[in-house]
Amino acid sequence: CMSRRSLRCLRGGKFLPSSGHAMSTDVRRRAAPAAGAKSAREGDDTLYEPPADVPAGTIYFRYNKFEQNARVAAFMLPGAAILATFGGETTTGTMIAGALVSYLLDLLNFREATFVAIWVTVVSTIVTLFVASLHLFAVSMFNVALIYNMLISAGTFGLWATLQFSFFQRQSPRIVLIFERLLFAVLPGSSPILMTWSAVAVNGMDAAPFYLLAFLTAGFLLYVLPCRSSFRVLARGRNPKLTMEVDELDELVMGRYETAVHSVAYVLLPAFFKVAMHHNHVLASRADLADLLLLVSIPLLVIAGTASRGSLWWLGVGSHVGWLKRSLIATLSLTVVTAVALRVVLGSLAQYIRLMPPWNYVVVLSALLTLTLIVLAHFGGLLESRRVGVLLGISAIGAAAGLCVAIGMPVYMLPFGCASALFLARFYYSRSLIDYVSGAGCAAIVIFWFIVKTFFFLDFEFDPLPMSLKHVSMVLMVVVLASLLSPGLVAVNRSRLTNGVALCLHAGGVTLIELQLHCQFKGIYPAWLVLLSSAVGIYLARHLYHDKRLSATSAWLLLALYLAKAGIALHPAPLALPAALALSLTITPIYAHMLLPAPKDETDESKRASAQMGDAECWVHLVLVAGALLLSRRAGPIIAGVEAFVHHDPPESLLLGFAFILWPIACSGLAAHHFPSSLRLRRVFALSVAVGGALALVQPDMDALSGVLAIGRTGGRGRVHHAHKRAWPEWCLVGAAAAGAALLLVASAPPRHQAASPFLRSFLATSAGAGAGLYFAGAMLPPAPVLTGLSALSCALGALVAAWIPSATPKVGGVWVQGAFAMLVGLLPVTYALQPSFLVHVPAQERMESLLVHRVGLLGLYAAITTSLAVLVKLKIGGAAAPT
């Protein structure tokens with residue numbers, strides 16, 4: 001559509017054709033009153049209306065930040081982990097090194113250099129992935145599609161990063177719009193395939209079509225549904241909210257054709273995948289038929305269910321076909337329930353059905369379809385009249401009686417099941433807590449009978465906790481009772497404290513049961529069930545808090561419990577739950593304003609203002625998160641992620657490095673939302689990333705600290721010992737990285753702070769250079785104490801010169817910089833001439849070879865120093881000459 005519509009930007013308070021200048025906030029605010037538009041707060045572009053004399057069909061570009069970072073990160077971050085795991089150490093090292101260089105350049109305000117560094121990193125990552133995937137061509141040429149998706153996914157990181165640069169919006173606004181559309185068009189297609197491949201590599205091909213269906217569903221909901229562009233102004237007269245009737249004039253990111261392609265692919269690809277896998281026996285069994293019904297019906301049901309959010313806008317469907325949408329949802333829901341009954345209830349749970357065929361099919365399907373019709377009637381508004389209550393009670397009693405008969409309950413238990421259905425049907429209209437408690441109690445009696453008859457006679461001991469199957473069954477009874485009582489209690493009771501206590505106890509019981517079942521029976525209770533129950537719990541906590549039925553503390557605690565429970569799926573181990581719980585309890589308060597929606601009758605601004613932290617709270621959270629990361633590095637999700645990269649028990653230095661890197665990531669909400677202007681906090685985060693990256697890349701020997709850092713180590717793991725005889729060069733390199741990062745942070749400080757700490761700046765530069773020189777001489781050259789000291793002195797002088805290049809003026813430091821540079825140049829011939837005399841302790845037969853190695857190393861060291869100084873001078877000159 002952009003080829004047929006002109007792109008306009010604001011320049012000087014008027015709309016003119018764009019030639020590289022985007023619309024700024026202050027210009028927009030000056031032009032708005034002249035156009036008669038309503039005044040809006042700064043940054044709220046949805047309330048702005050362009051002048052009335054501008055031709056219709058014009059795209060109004062606005063200079064703005066990219067507003068969909070969280071949405072994009074949901075697929076980009078798992079994709080990065082998959083690419084790093086597949087590419088190995090080369091790809092991982094390239095990504096980490098590129099990220100560190102780009103971050104440091106951005107910290108020094110080199111915007112163009114940061115942009116170039118990001119794209120160089122992306123291209124280098126693509127090259128390493130291609131080299132690492134060459135062996136796949138020998139297996140099958142069909143792997144070209146997989147490799148293509150890997151390379152495309154790596155390229156999307158460059159698109160995402162480009163949208164963050166404000167200078168690029170000013171220079172090329174049309175390319176920014178193209179990149180935004182390209183990012184949304186690529187992510188729902190390539191990332192699900194990549195994540196499906198990784199899930200199949202871990203869990204096998206049995207459920208591969210359903211993995212693809214799950215990831216395509218997530219991609220459809222995140223990217224294919226209509227989403228407004230971050231860089232377009234809403235046109236005059238357009239509805240700020242997206243409805244069923246939308247078109248491309250609503251400033252959507254994706255156009256009609258991209259949406260159509262992704263919607264059709266979402267419907268067809270899972271079923272085609274199933275047919276391609278089992279083309280010889282597609283309909284050989286009842287399970288195959290149920291799988292095909294699920295793979296076809298679920299995408300159609302999702303599309304029909306999200307029609308109110310514009311999922312069918314590309315067909316031109318409006319609100320006049322609401323009856324067709326409701327009919328389609330009802331038909332697809334019945335189809336999905338039938339398929340689930342055939343695949344799960346009458347398949348995996350067939351041993352619990354006591355009726356013989358064909359009566360088992362008739363009774364179970366009739367009961368489940370009756371319950372489905374009751375739910376559909378509720379959401380369709382067909383149960384509002386009390387006259388329908390009789391039909392509702394009869395239907396519920398019939399369904400309950402059918403299920404009781406199907407599982408083989410004796411005659412004396414049938415009245416309890418029927419009474420449960422009757423009381424719950426009465427509660428639907430009376431809203432009486434007595435009716436609900438009576439119904440929940442009768443249902444609990446039925447379920448308790450089933451648990452006792454099915455599991456109590458088994459003798460089995462669980463490993464994670466000292467519990468038998470009978471104890472787990474008793475906990476399950478308590479959880480079932482809490483699950484039955486909680487909905488009615490929340491619906492009727494207005495005491496937020498009581499609701500919170502009941503739901504937290506229920507969440508704790510569910511977490512305990514899933515810890516036992518998943519750690520002991522991964523096949524019987526798979527990871528996707530843990531993740532599904534966590535997602536449902538998180539949704540309920542958010543919804544109830546928004547409805548003012550839970551307090552903020554209760555909602556936060558529920559979120560922490562369910563997020564910690566999801567960590568069991570990542571690392572099923574005895575200490576995984578305490579470690580994940582410690583992480584979630586310390587990290588989630590930072591993002592409480594994002595995780596919890598605003599309650600009713602409250603705005604996001606008031607909620608965000610009430611959630612602001614003070615300085616003391618900030619540092620307390622920093623310390624708590626750091627302690628949780630350190631204590632849980634060997635028991636929680638950290639070691640699971642690291643082991644996925646290294647494929648063995650990682651050394652202590654690698655885990656500690658990842659903990660240092662994850663600490664600023666976990667606490668980034670403090671810098672982004674609570675203290676956006678705190679330069680000190682950003683410096684601390686940058687220093688932590690630098691130290692963590694150095695520890696992870698160098699991996700120094702930490703045997704001396706093994707007694708202190710042995711918390712959380714589980715038995716039965718082999719340990720990787722370092723083969724280096726000398727550990728001090730590695731620690732010198734780590735110290736050099738830390739001092740260099742601190743130097744960059746000091747150099748990027750405001751001028752008044754730079755002038756106040758010349759000694760600190762010189763000390764950090766000398767320390768960084770000396771550490772790098774000691775590492776170079778100690779790790780790469782034969783032992784020679786004096787030559788090692790001279791190498792350290794040369795690097796220290798080079799770093800000192802580099803540190804004072806920005807301030808090398810006649811008033812500040814000019815003579816010292818010239819003297820240091822002269823000493824650096826003079827050390828080269830002196831060291832070159834004195835090298836033979838410092839190697840007299842080397843045996844005669846090895847002296848010539850050692851001398852040659854030292855001279856080559858010396859020349860390489862000076863070449864690296866001078867090249868780095870030249871690049872730095874070039875950057876400084878280019879930055880000084882650039883127009884402001």
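Residues numbered from 1 in each chain as written. Predicted model: local features only at pLDDT ≥ 70, side-chain atom pairs only at ≥ 80, totals over all residues. Heavy atoms only, no water.

Colleague: Residues and numbers for the overall build of the protein, please.
Modeller: Scanning the protein from terminus to terminus reveals 33 helices and 3 strands. Scored against the burial criterion, the 884 residues of the protein give a buried share of 44%. Expressed as a percentage of contacts within the protein between residues at least 6 apart in sequence, the contacts between residues at least 24 apart total 71%. In the form shown here, the protein has an accessible surface area of approximately 43,600 Å², with 69% of it arising from carbon and sulfur atoms. (Helix = DSSP H or I, 4+ residues; strand = E, 2+ residues; numbered from the N terminus. Buried < 20%, exposed > 50% of the residue type's maximum accessible area, 1.4 Å probe, protein only. Contact = heavy atoms within 4.5 Å. Areas by Shrake-Rupley, 256 points an atom, 1.4 Å probe, with all protein chains shown as cover.)

Colleague: So, the pattern of salt bridges: which residues are in play, and what are the values?
Modeller: Scanning all chains against the criterion turns up 8 salt bridges. With a shortest N-O distance of 2.4 Å, Asp106 and Arg111 are connected by a salt bridge. Owing to a relative accessible area of 30%, Asp106 belongs among the partly exposed residues under this scheme. Judged by relative accessible area, which is 34%, Arg111 ranks as partly exposed. Between Arg343 and Asp291 there is a salt bridge; the shortest N-O distance is 2.8 Å. Of the two residues, Arg343 sits in helix α11 (residues 322-348) while Asp291 sits in helix α10 (residues 286-305), which places them 52 residues apart along the sequence. Salt bridges sharing partners connect three or more residues here, namely Lys274, Asp288, Asp291 and Arg343. (Salt bridge = Lys/Arg side-chain N within 4 Å of Asp/Glu carboxyl O.)

Colleague: Any chance you could break down a nonpolar patch on the surface for me, citing the residues and the numbers?
Modeller: Taken together, the side chains of Val123, Val127, Phe130, Val131 and Leu134 present a nonpolar region at the surface, about 420 Å² in accessible area. Sort the elements by how many residues they give to the nonpolar patch and helix α3 (residues 111-132) lands first, with 4 residues. Mapping Val127 onto the fold places it in helix α3. (Patch = residues over 30% accessible without salt bridge, like charges linked within 9 Å, V, L, I, M, F, W, Y side chains within 5 Å.)

Colleague: Tell me what's going on with the packing of helix α8 (residues 208-224) against helix α9 (residues 256-277), and back it up with residues and numbers.
Modeller: Running from amino to carboxyl end, α8 crosses α9 at an angle of 175°, the nearest separation of the two axes being 9 Å. Relative to α9, α8 is oriented roughly antiparallel. Where α8 approaches α9, its residues Ala208, Pro209, Leu212, Leu213, Leu216, Thr217, Phe220 and Val224 are matched on the opposing element by Thr259, His262, Ser263, Ala265, Tyr266, Leu269, Pro270, Phe273, Lys274 and Met277. (Axes fitted to C-alpha atoms, helices over the stretch in contact; angles between N-to-C directions. Parallel < 35°, antiparallel > 145°, perpendicular 65-115°, else oblique.)

Colleague: Which residues make up helix α18 (residues 527-546), and what values do they have?
Modeller: The first and last C-alpha atoms of α18 sit 29 Å apart over 20 residues, in line with the 28 Å expected at 1.5 Å per residue. Where α18 is concerned, the buried positions are Val530, Ser534, Gly537, Ala541, Leu544 and Tyr545. Buried residues of α18, viewed axially, fall in a sector of 105°; they line one side. Those residues of α18 that are exposed and angled more than 90 degrees off the buried face are Trp528 and Tyr539. Residue Lys548 follows α18 closely and has a positive phi angle near 60°. (Expected span 1.5 Å × (residues − 1). Arc of directions from axis to C-beta.)

Colleague: Outline the packing of aromatic side chains, listing residues and values.
Modeller: The final tally for this structure, using the stated rule, is 15 aromatic pairs. Relative to Phe231, the ring of Phe66 lies with its centre 6.2 Å away and its plane at 15°, an arrangement referred to as stacked. With a gap of 165 residues between them, Phe66 in the loop between β3 (59-60) and α2 (69-107) and Phe231 in the loop between α8 and α9 connect regions that are remote in the sequence. The class for Phe66 is buried, based on a relative accessible area of 3%. With centroids separated by 6.3 Å and ring planes inclined at 15°, the aromatic side chains of Phe168 and Phe179 adopt a geometry described as stacked. (Phe/Tyr/Trp six-rings, centres within 6.5 Å; stacked < 30°, edge-to-face > 60°.)

Colleague: Can you break down the side chain of Thr586 residue by residue, with the values?
Modeller: Within the secondary structure, Thr586 is located in helix α20 (residues 576-587). For Thr586, a relative accessible area of 13% puts it in the buried group. A distance of 3.0 Å separates the side chain of Thr586 from the backbone oxygen of Leu583, its partner in a polar contact. (Polar contact = N/O pair within 3.5 Å; in protein donor to acceptor, adjacent residues only side chain to side chain.)

Colleague: Can you lay out the nonpolar core for me, pointing to particular residues and giving the numbers?
Modeller: Formed by 49 residues in total, the largest nonpolar core has its most connected members in Phe66, Val72, Leu183 and Phe184. Taken together, the elements giving at least two residues each to this core come down to α2, α3, α5 (143-162), α6 (166-171), α7 (173-203), α8, α9 and α10. Here this core takes 8 residues from α7, the largest share from any one element. Setting aside chain neighbours within four positions, we find Leu183 in contact with Phe66, Val72, Thr156, Leu159, Trp160 and Leu163. Listed in part, the 25 residues of the second largest apolar core include Cys618, Leu622, Leu629 and Cys667. (Core = buried A, V, L, I, M, F, W, Y, C linked by side-chain atoms within 4.5 Å.)

Colleague: Kindly report on unusual backbone geometry, identifying the contributing residues and their values.
Modeller: The amide bond that connects Pro357 to the next residue, Pro358, takes the cis arrangement and shows omega of 0°. Non-glycine residue Arg431 carries a positive phi angle of around 55°. Within the fold, Arg431 resides in the loop between α14 (414-430) and α15 (433-455). Positioned with a positive phi, Lys548 is a non-glycine residue whose angle comes to about 60°. With respect to the secondary-structure elements, Lys548 resides in the loop between α18 and α19 (552-570).

Colleague: I'd love a proper account of α15, names of residues and values included.
Modeller: End to end, α15 covers 32 Å across 23 residues, agreeing with the expected 33 Å (1.5 Å per residue, within 8%). Of all the positions in α15, only Asp435, Tyr436, Gly439, Ala440, Cys442, Ala443, Ala444, Val446, Trp449, Ile451 and Thr454 are classed as buried. Buried residues along α15 sit against α13 (389-406), α14 and α16 (469-492).

Colleague: Outline the confidence of the model for the protein, listing residues and values.
Modeller: On average, residues of the protein carry a pLDDT of 77, and 79% of them reach 70 or more. Across the protein, α8 holds the top mean pLDDT of 92, while helix α1 (residues 25-34) sits lowest at 32. Segment residues 710-724: pLDDT under 50, and 30 contacts once partners within four positions in sequence are set aside and those in other chains are kept. Contacts of residues 808-812 to residues separated by more than four positions or lying in other chains number 5 contacts, the stretch itself having pLDDT below 50. (pLDDT = per-residue confidence, 0-100.)

Colleague: So what about the environment of Ala502? Which residues, and what values?
Modeller: Mapped onto the elements, Ala502 comes out in helix α17 (residues 496-520). In this structure the C-alpha to C-alpha distance between Ala502 and Ser554, which are 52 residues apart in sequence, comes to 9.9 Å. Among residues more than four places away in sequence, those in contact with Ala502 are Ser486 and Leu489.

Colleague: Could you give me a rundown of the packing of α16 against α17, with the residues and numbers involved?
Modeller: The relative placement of two packed helices comes down to the angle between their axes together with the axis-to-axis distance. Running from N to C, α16 and α17 cross one another at 150°; their axes reach a closest spacing of 9 Å. The handedness of the crossing between α16 and α17 comes out as left-handed. Taken together, the residues of α17 that come into contact with α16 (itself represented by Val472, Val475, Leu476, Val479, Ala482, Ser483, Ser486, Leu489 and Val490) are Thr498, Asn499, Ala502, Leu503, His506, Gly509, Val510, Leu512, Ile513 and Gln516. Counted by class, the contact of α16 with α17 contains 12 nonpolar, 7 polar and no charged residues. (Left-handed = near helix turned anticlockwise from the far one by under 90°. Nonpolar A, V, L, I, M, F, W, Y, C, P; charged D, E, K, R; others polar.)

Colleague: Summarise the environment of Ser153; cite the residues concerned and give the values.
Modeller: Its location among the elements puts Ser153 in helix α5. A relative accessible area of 5% means that Ser153 is categorised as buried. Sequence spacing of Ser153 and Gly79 is 74 residues, and the spatial spacing of their C-alpha atoms is 7.1 Å. The contact partners of Ser153, leaving out residues within four places of it in the chain, are Leu83, Ser190, Ser191 and Leu194. A polar contact is formed between the side chain of Ser153 and the backbone oxygen of Asn149, at a distance of 2.8 Å.

Colleague: Give me the side chain of Ser102: which residues, what numbers.
Modeller: With respect to the helices, strands and loops of the structure, Ser102 is situated in helix α2. For Ser102, a relative accessible area of 7% translates into the label buried.

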